[in-house]
Amino acid sequence: MKVGFLGFPGSGKTTLFNVVTGRQPDADQPGRPMSPVAVVRVPDDRLHRLAEILRSEEIIQPEMTFVDLAPLHRDNGAGGQCDSLMKLVGDAAALALVIQCFGEFDAEGKPLGPAGDLESLLLEMTITDLTVVEGRLERIEAEMKSARDKSSAERVVLQRVAEHLGEGKLVADFEMSHEEALILRGFSLLTSKPLLVVLNVAEDDLEGARCRGAAKVAESMGLQYEIIAATLEQEIAALDEEMRDAFLADYGLERPARDRFIRACYDLLGVITFFTGDHKEAHGWTIEGKRTVRDAGGKIHSDIYDGFIRAEISPFAKLDELGSFAACRQAGVIRLEGRDYLTEDGDYLDIRFSR
Ligand SMILES: Nc1nc2c(ncn2[C@@H]2O[C@H](COP(=O)(O)OP(=O)(O)OP(=O)(O)O)[C@@H](O)[C@H]2O)c(=O)[nH]1
Ligand SMILES: [Mg+2]
């Protein structure tokens, strides 16, 4: 699962990337990450309890990947960055749009303020999608000059999507059938991805009073947003635990932004966590989208997907309450399920498969 940070120059992408991935800024190259990709182990308290029950030696937290993408130019949504933008975003499953809500705005800086920045960022993405869709339509139409059938399913849906994008709407809000969704999936359109708006505020504006306009733009587009003071959070992240709690309390912050941000990404992507394990390790995994127990097995290994037979499911809440697998078995809360069972958050899976 990969989340990319997208935004205009200097909006705070690298600062936020450091906050979320727990990295310290690179002193030699401030503003540039050491490496733009980081795999983060996401803490889940339930794993400690599971390790206790399983008597596991090791705990393996689920992983999430973050990418600090190169900045987009501010060209007022002229759409000149389409190719590079598609390449830049690549296979990121979701995007965090980082909006600068701190500092002075240059008198000549084109989009003035966070609301304008968010609007032009969304416009840039919409134009990119439109360019991709129209490019494909042109090719289809050229191919169809020789064929008789003028109403291929792909052409029909692409025409509808082009119209939708032309109205400035996001593909995520496009109503489509299952078949149409399958056609569109292959294009990886930017505005079809789950988007989280990050309003990067100054430390004297933690409530985001100066970015109400941007928050309204996000709301009007049906997008979730988080208000985060990235530089402040970076300082907090560098403190030891005791100092950190005192610091957070001083600023009236409940938890570090990192937790809030990762939670928001989970919600955005509809991610759930499931568990496996034995005396060696207690292992947490995440899955989004299609999440039958067979798909969950596939996250672990393709052999499990291919040879799936059935799974024994123990819900974490029951394991926690009863304290052992034996007690769960006795209470009859362990279930045997086939491949189509929909995995629930907190399920402990014991999968039988043939090799
Ligand atoms: N006051 C304030 N400054 C910030 C905040 N976030 C980032 N900055 C500053 O803004 C500058 C740019 O931050 P970066 O995180 O490097 O921004 P970026 O989006 O990675 O920049 P590029 O990679 O060049 O596009 C740095 O000098 C940061 O210290 C913030 O929340 N408040
Ligand atoms: Mg940067």
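Small disclaimer: the values here were computed from a predicted structure and weren't measured.

(A) Structural view of unusual backbone geometry. Phi is positive for Arg55, which is not a glycine, with a value near 55 degrees. When you line up the elements, Arg55 lands in the loop between helix 2 (46-54) and strand 3 (58-60). One non-glycine residue, Ser188, lies in the positive phi region at around 45 degrees.

(B) Geometry of the environment of Ile227. With respect to the secondary-structure elements, Ile227 resides in strand 7 (residues 224-228). Each C-alpha atom, one on Ile227 and one on Leu269, is 19 Å from the other, the two residues being 42 residues apart in sequence.

(C) Up close: the state of the cysteines. For the coordinates displayed, the defined rule picks out zero disulfides. Lacking any disulfide linkage, Cys265 is separated from the closest cysteine sulfur, that of Cys101, by 17 Å. Judged by its relative accessible area of 2%, Cys265 is buried.

(D) Structural context of helix 3 (residues 82-89). All of the buried residues along helix 3 are Cys82, Leu85 and Val89. For helix 3, the arc enclosing every buried residue in end-on projection is 65 degrees, short of the 170-degree limit, so these residues lie on one face. Among the exposed residues of helix 3, those pointing more than 90 degrees away from its buried face are Asp83 and Lys87. As for helix 3, its buried residues are in contact with strand 1 (2-7), strand 5 (94-101) and helix 4 (113-144). At the C-terminal side of helix 3, Gly90 shows a positive phi close to 50 degrees.

(E) Main features of the pairing of strand 6 (residues 195-201). Among the seven residues that make up strand 6, seven are buried, leaving the element largely enclosed by the rest of the structure. By the alternation rule, side chains of strand 6 split into Leu195, Val197, Leu199 and Val201 and Leu196, Val198 and Asn200, which are all buried. With helix 7 (residues 212-220) bridging strand 6 and the parallel strand 7, this β-α-β connection has right-handed handedness.

(F) Spotlight on the pairing of strand 10 (residues 308-315). Here strand 10 runs beside strand 12 (residues 347-353); their pairing, made up of seven bridges, is antiparallel. Following the sheet pairing, Arg310 is matched in strand 12 by Arg352. As paired strands, strand 10 and strand 11 (residues 335-337) are joined by three bridges and run antiparallel to one another. Paired with Ala311 across the strands is Glu337, a residue of strand 11.

(G) Structural detail: the packing of aromatic side chains. Considering all chains together, one arrives at eight aromatic pairs under this definition. With 6.2 Å between their ring centres and 85 degrees between their planes, Phe5 and Phe17 make a pair best called edge-to-face. Residue Phe5 is located in strand 1, and its partner Phe17 is located in helix 1 (residues 13-21); the two are separated by twelve residues in the primary sequence. Both residues of the pair, Phe5 and Phe17, count as buried. Cluster of aromatic residues (ring-pair linked, three or more members): Phe5, Phe17, Phe66 and Phe261. For the cation-ring pair, Arg294 lies above Tyr305, with the distance from its terminal atom to the ring centre recorded as 3.9 Å.

Calculation criteria
- Residues numbered from 1 in each chain as written.
- Chains lettered and ligands numbered in written order.
- Predicted model: local features only at pLDDT ≥ 70, side-chain atom pairs only at ≥ 80, totals over all residues.
- Heavy atoms only, no water.
- Helix = DSSP H or I, 4+ residues; strand = E, 2+ residues; numbered from the N terminus.
- Disulfide = S-S within 2.5 Å.
- Buried < 20%, exposed > 50% of the residue type's maximum accessible area, 1.4 Å probe, protein only.
- Arc of directions from axis to C-beta.
- Contact = heavy atoms within 4.5 Å.
- Right-handed = clockwise from strand over helix to strand, strands pointing away.
- Pairing = 2+ DSSP bridges.
- Phe/Tyr/Trp six-rings, centres within 6.5 Å; stacked < 30°, edge-to-face > 60°.
- Lys NZ or Arg CZ within 6 Å of the ring centre and 35° of its normal.

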